[in-house]
Amino acid sequence: MRLRIIGSESMGVRSLSCFIEVCGHAVLIDPGVALGFTRCALHPHPLQAAFSELSKVLLTSYWLKATDIVVTHLHGDHIPLYNANPFQFPLSIVRNLNSRAVLWIKNIDSVTTYERARFEELCKCFHGRVIHVNEGSTSSDELIEFSGPYPHGLSRRTRVMAVRVGHDSSCVVHLSDTQLLIDEVIRKACLWRPKVVITDGPPLYRLRGALRAKVAKKASINVFKLANHADYVIIDHHVCRSVEGMRWLDSLRACIGNRVMCAADYMGRPRLLLEAWRKILYEVIPIRNNWFIASNYRGFGEMLSRYGSSIMELVKVVPREVTLSEEEVRKILRSVVTSREHRRE
């Protein structure tokens, strides 16, 4: 069993994509990437765009290798899109890249009106190699199993699938965007006896007051339940869109141990919370808020070529398994800018 997490908020982009290799299966789950189009009245910074471009390269590479492509739901940070904006993963890139992979996707009965066009366009790309899944659907060798659909955490309208990949007690369970708030999916995950759980965390950045405290408490209880049945619990996505969310995760690590982690921790990389740092990025590396419109940005390598060295510097200087304060982020970004300017001279 080999697991690689491709993209997530702790790794600089909106995603919860991963690639799992086991017993002849090469399973790509939720091959999408996005950047919050507006956050704190600011559009994505070019440095964020560079990370998005890097994620697109990785997703394309794993798409080519995949025998099975799993889509848990049809939000724009989980799938390639026929109408992608420059910060998302275009369906046109992968439309004819892999003629053998099978698409596993939820049944059309669980597709909302908003999702329907995305559902239809994605299914077209597989020319009949599509398996519509619901509760209990499995591959013929039972190495892939689905459960659900379940509510998308606090957003009850969208429904998402949970998926198990691998044998009992050594499997990976991907709980998608259930936000650690859906008791039924937690019970199912525990019954699967996973080695690794990958799950979305609660969207604390959207919440305030009593509701925030209630949601954080419920999610914490469910983390303890998962940790009683899994060797590793990887929590990322919505919860890692704010420093406060990462502090919540750090408090759980202090209680349970390092078996609870974000995706960057699991992959041995620094926590790069670029969306949470967006205001600081514009402060330290100033640029017009509409830069991508003014430059007719297309999302294919422009920012990676410009900021690639800055990405390498960030990965080198940001400490692992640490949630930086705002002042620490400013200091590191200024050092990266200074290093970039010296290379230009």
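Here the structure is a predicted model, which means the values were calculated and not measured.

Student: Could you clarify how one ought to interpret the overall build of the chain in this entry?
Tutor: A count of helical and extended segments in the chain gives eleven helices and twelve strands. Since a compact globule built from 345 residues should have a radius of gyration of about 20 Å, the 19 Å found for the chain is in line with a globular shape. Each principal axis of the C-alpha distribution contributes one length, and for the chain these read about 60 × 45 × 35 Å. Expressed as a percentage of its 345 residues, the buried residues of the chain come to 60%. Across the chain, the fraction of contacts at a sequence separation of at least 24, relative to all contacts at a separation of at least 6, is 70%. Of the side-chain charges in the chain, 47 are positive and 34 negative, and the distance between the mean point of each set is 3 Å.

Student: Which parts of the structure should I look at to understand the packing of helix 5 (residues 209–227) against helix 6 (residues 243–256)?
Tutor: How two helices pack is summed up by the angle between their axes together with the distance between the axes. One way to put it is that helix 5 packs onto helix 6 with a least axis distance of 11 Å and a crossing angle of 40°. Comparing their axes, helix 6 and helix 5 come out oblique. Of the two elements, helix 5 crosses helix 6, and the hand of that crossing is right-handed. Along its contact with helix 5, which presents Arg 212, Ala 216, Ala 219, Ser 220, Val 223, Phe 224 and Ala 227, the element helix 6 presents Glu 244, Trp 248, Leu 252, Cys 255 and Ile 256. Of the residues in the contact of helix 5 with helix 6, the class split is nine nonpolar, one polar and two charged.

Student: What should I look at first to understand the pattern of salt bridges in this one?
Tutor: A side chain of one charge can pair with a side chain of the opposite charge when the charged atoms of the two come close. Here the structure, examined in full by the defined rule, presents 21 salt bridges. Here Arg 2 makes a salt bridge to Glu 21, at a shortest N to O gap of 3.7 Å. Taken as a pair, Arg 2 in strand 1 (residues 2–8) and Glu 21 in strand 2 (residues 16–22) lie far apart in primary sequence, 19 residues in all. Of the charged contacts in the structure, one is a salt bridge between Lys 124 and Glu 121, with a shortest N-O distance of 3.2 Å.

Student: Even after reading the chapter, I still don't get the sheet that holds strand 4 (residues 68–71), so can you show me in this structure?
Tutor: The pairing of strands in a sheet comes from backbone hydrogen bonds and takes either a parallel or an antiparallel form. One open sheet accounts for six strands, arranged 1-2-3-4-5-6; its pairing is mixed. Across the chains shown, the open sheet's two edge strands, defined by having one partner strand only, are strand 1 and strand 6 (130–133). Here the strands of the sheet are splayed against their neighbours by 20° on average, with no regard to which way each runs. Bridging between strand 1 and strand 2 involves six bridges; their strand directions are antiparallel. Paired with Arg 4 across the two strands is Phe 19, which belongs to strand 2. Helix 1 (residues 46–65) contacts strand 1, strand 2, strand 3 (25–29) and strand 4 of the sheet and is inclined by roughly 145° relative to strand 1.

Student: When you look at unusual backbone geometry in this model, what are you seeing that I'm missing?
Tutor: Note: most peptide bonds trans; most residues except glycine with negative phi. In this model, Gly 148 is joined to Pro 149 through a cis peptide bond whose omega is 10°. Mapped onto the elements of the fold, Pro 149 is located in strand 7 (residues 144–152).

Student: Looking at this structure, how should I read the sheet that holds strand 7?
Tutor: Here we have six strands laid out as an open sheet, ordered 7-8-9-10-11-12, and mixed in their pairing. Whereas interior strands pair on both sides, the edge strands pair on one side only; in this sheet they are strand 7 and strand 12 (260–261). Of the pairings in the sheet, the one linking strand 9 (residues 172–174) to strand 10 (residues 196–200) comprises three bridges and is parallel in character. Across the sheet, residue His 174 finds its bridge partner in strand 10, namely Ile 198.

Student: Please clarify how the side chain of Ser 139 should be interpreted in this entry.
Tutor: Within the secondary structure layout, Ser 139 lies in the loop between strand 6 and strand 7. With relative accessibility at 5%, the residue Ser 139 sits in the buried group. Among the polar contacts made by the side chain of Ser 139, one reaches the side chain of Asp 141 at a distance of 2.6 Å. If near-sequence neighbours (up to four positions away) are discounted, Ser 139 is found in contact with His 25, Trp 104 and Ile 144.

Definitions and limits used
Residues numbered from 1 in each chain as written. Predicted model: local features only at pLDDT ≥ 70, side-chain atom pairs only at ≥ 80, totals over all residues. Heavy atoms only, no water. Helix = DSSP H or I, 4+ residues; strand = E, 2+ residues; numbered from the N terminus. Rg over C-alpha atoms; globule rule 2.2 N^0.38 Å. Buried < 20%, exposed > 50% of the residue type's maximum accessible area, 1.4 Å probe, protein only. Contact = heavy atoms within 4.5 Å. Lys, Arg positive; Asp, Glu negative; His and termini not counted. Charge placed at Lys NZ, Arg CZ, Asp CG, Glu CD. Axes fitted to C-alpha atoms, helices over the stretch in contact; angles between N-to-C directions. Parallel < 35°, antiparallel > 145°, perpendicular 65-115°, else oblique. Left-handed = near helix turned anticlockwise from the far one by under 90°. Nonpolar A, V, L, I, M, F, W, Y, C, P; charged D, E, K, R; others polar. Salt bridge = Lys/Arg side-chain N within 4 Å of Asp/Glu carboxyl O. Pairing = 2+ DSSP bridges. Polar contact = N/O pair within 3.5 Å; in protein donor to acceptor, adjacent residues only side chain to side chain.

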